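Fold and geometry: a report
Chain by chain, the residues:
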Amino acid sequence: MPKPLDISNPSDDICPICKSNRYLNRDLEFLINPECYHKMCSTCVDRIFTSGPAPCPVLHCGRTLRKKGFKSAFFEDLGIERECDIRRRVNEVFNRSEDDFETLLDYNNYLEETECMVFDLVNGKGKVKQEAEEKLRRFREANRGAIEENKNARLREVEMGKRKELEDREMAKQRRLAAMREEAEEKADVEKSRKQVLDQLATGKGNAADITQQAHKIILKKTSARRTLGERDAAVSAGTGSADGEGLTIRGLKKKVAPVAEKPYDPFGGVILAPTRYVLRDDYENQWVDKSVKRDPKHMAGGYSLQEYYGRAMHDAFSGLEIFIEDEMRDRVQSSSPSGATIAAAQASTGKIKLKVADRMEVDDVF
């Protein structure tokens, strides 16, 4: 990468080839070539490269340069000049517009790829830069037709923009002239009405107030009619347009669809784990919990949580609701004879099996 120019350094005003100094020659002009960005005066360029291509005379460069490739640097910092030239060269190849893509996300990915290539060409070294140059060359060869078509379309858009700008300027000029004519006609009408009023007052016929009021009404009526006619002419000209302005509106372009916003990742796949049949409270009134658990530190050791106990107890209490064994047995297609456990469960649900009170296990109700 070439070293940036420093305007405070006197050596920047000296040609590295012939040692000419800008201090002694105010007309001295420095030129650069995009191949290596080494500066030299225009006299050295004419002397070395007029007869044909020649290697760069700067020490340890040796790149073959041509006279037509030299130009004046627009920026003082040659690093910025080099980056602008690279961007211009890449944009000549990657010249697609947003209308060429189905979605805005695809266009943004295209711009990101272009910026990555520009970065590799500007800051890359060795293999990275060579791969970027090779990728740019292959893309140019594979899409030569599309590149030329997009280039011509861009030129047509620029030409249409210039024509539209000229047409707008002409319309603005016509509006200014129309306003000036309207103002002149209005002044003429006012002057004519004033003379008529003076003539009528001089003859002494009629009331002065009535004559003046009638003259004002006539002026207002003419002004209103003139403005209405001007607005109608402007609407007609805006609706029809000129022959040069036909086809300026582009129709039938692809509809740009914004990408759908990504939702947060759900590890449960949309399954709702929150209880739906009950609301879990922070605390419950229970004699055993209040006297034994909350006051005994043994129950609270090892990370024990009452919320876990409440949640498990409520889940066990409500887990059997809305489950009817008769409906399940009726809808199930049985491929074999039912097992003994299934028959027992069905009989228990219908009340055919009676449990003895003595065989029932007593369980403390935690609630």
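Analysis parameters
- Sequence positions are assigned chain by chain, starting from 1 and proceeding in written order.
- Reporting of local features is limited, given that this is a predicted model, to residues whose pLDDT is at least 70; pairs of side-chain atoms are given and counted only at 80 or more, and all residues count toward the totals for whole chains, interfaces and linings.
- Excluding hydrogens and water, the side-chain values take into account all heavy atoms of the structure.
- UniProt positions are given in the numbering used here, feature names are shortened, and annotations may be inferred rather than shown by experiment.
- The secondary structure listing takes helices from DSSP runs of H or I that are at least 4 residues long and strands from runs of E that are at least 2 residues long, numbered from the N terminus.
- Only protein chains enter the area calculation, which uses a 1.4 Å probe; residues under 20% of their type maximum are buried, those over 50% are exposed, and those in between are partly exposed.
- Pairs of residues are marked as contacts when any of their non-hydrogen atoms sit within 4.5 Å.
- Values of accessible area rely on a 1.4 Å probe in the Shrake-Rupley scheme; residue burial ignores everything except the protein chains shown.
- By definition, disulfides here are pairs of cysteine sulfur atoms that lie within 2.5 Å.
- Between 30 and 60 degrees the pair is tilted, below 30 it is stacked and above 60 it is edge-to-face, where a pair is any two Phe, Tyr or Trp rings, Trp via its six-membered ring, whose centres lie within 6.5 Å.
- As a per-residue measure, pLDDT tells how confident the predictor is, with possible values from 0 to 100.
- Points on a 1 Å grid over protein atoms alone make up a cavity when a 1.4 Å probe fits among them but cannot get out, and a pocket when they form an open set with protein on both sides within 12 Å along at least five of seven lines; lining residues each have an atom within 4 Å of a point.
- Grid points are joined across faces, edges and corners, and a volume is the space filled by probe spheres set on the points.
- Each residue receives one of three labels: charged for Asp, Glu, Lys and Arg, nonpolar for Ala, Val, Leu, Ile, Met, Phe, Trp, Tyr, Cys and Pro, and polar for the others, Gly being one of them.
- Start and end points for every domain follow an automatic or database-based domain assignment.
- Think of the arc as the fan of directions from the helix axis to the C-beta atoms.
- Salt-bridge detection follows one rule: a side-chain nitrogen of Lys or Arg within 4 Å of a carboxyl oxygen of Asp or Glu.

For the chain, the name recorded in an unreviewed UniProt entry is RNA polymerase II transcription factor B subunit 3, with Botryotinia fuckeliana as its organism. The record held by UniProt for the chain lists under Subcellular location (unreviewed entry) the comment "Nucleus".

Counting its secondary structure elements, the chain contains 10 helices and 4 strands. Each helix and strand of the chain, ordered N terminal to C terminal, gives the series β-β-α-β-β-α-α-α-α-α-α-α-α-α. Here the chain holds 367 residues, and 18% of them are scored as buried. In the chain, the proportion of contacts linking residues at least 24 apart, taken out of those at least 6 apart, comes to 55%. For the chain, the computed accessible surface area is about 28,500 Å², with 54% contributed by carbon and sulfur atoms.

Applying the stated criterion across every chain, the model contains 0 disulfides. Considering cysteine sulfurs only, C41 is the nearest to C15, which forms no disulfide, with 3.6 Å between them.

A few words on the packing of aromatic side chains. Taken as a whole and assessed by the stated rule, the structure comprises 8 aromatic pairs. Relative to Y110, the ring of F94 has its centre 6.0 Å away and its plane inclined at 50°; by these criteria the two rings are tilted. Residue F94 is located in the loop between helix 2 (78-93) and helix 3 (104-123), and its partner Y110 is located in helix 3; the two are separated by 16 residues in the primary sequence. Accessibility expressed as a relative area gives 9% for Y110, which makes it buried.

We now examine the confidence of the model for the chain. Overall, the predicted model of the chain reaches an average pLDDT of 76, with 76% of residues at or above 70. Across residues 1-10, confidence stays below pLDDT 50; counting only partners more than four residues off in sequence or on other chains, it has 17 contacts. Low pLDDT, under 50, characterises residues 352-367; the predicted model gives this stretch 12 contacts beyond four residues in sequence or across chains.

Take the layout of surface pockets next. There is about 750 Å³ of room inside the second largest pocket. No other element matches helix 2, which puts 6 residues into the lining of the second largest pocket. Taken together, the residues of the lining of the second largest pocket sort by class into 9 nonpolar, 6 polar and 11 charged. Here the lining of the second largest pocket spans two domains, and each of domain 1 (12-73) and domain 2 (77-179) adds at least three residues to it.

Here the focus is helix 1 (residues 42-49). For helix 1, the set of buried residues is C44, V45, I48 and F49. All buried residues of helix 1 lie within an arc of 100° about the axis, which places them on one face of the element. Helix 1 presents T43 and R47 as exposed residues on the side facing more than 90 degrees away from its buried surface. Tucked inside the fold, the buried residues of helix 1 contact strand 1 (30-31), strand 2 (40-41), strand 3 (54-55) and strand 4 (64-65).

What follows is about the pattern of salt bridges. If you walk through the whole model with that rule in mind, you get 15 salt bridges. Across the pair K71 and D85 runs a salt bridge, and its minimum N-O distance is 2.8 Å. A residue pair is termed long-range when its members are at least 10 positions apart, and K71 in the loop between strand 4 and helix 2 and D85 in helix 2 qualify at 14 residues. On the basis of relative accessibility, which here comes to 25%, the residue K71 falls in the partly exposed class. For D85, a relative accessible area of 10% translates into the label buried. Three or more residues are tied together by salt bridges with common partners; here these are K71, E81, D85 and R88.

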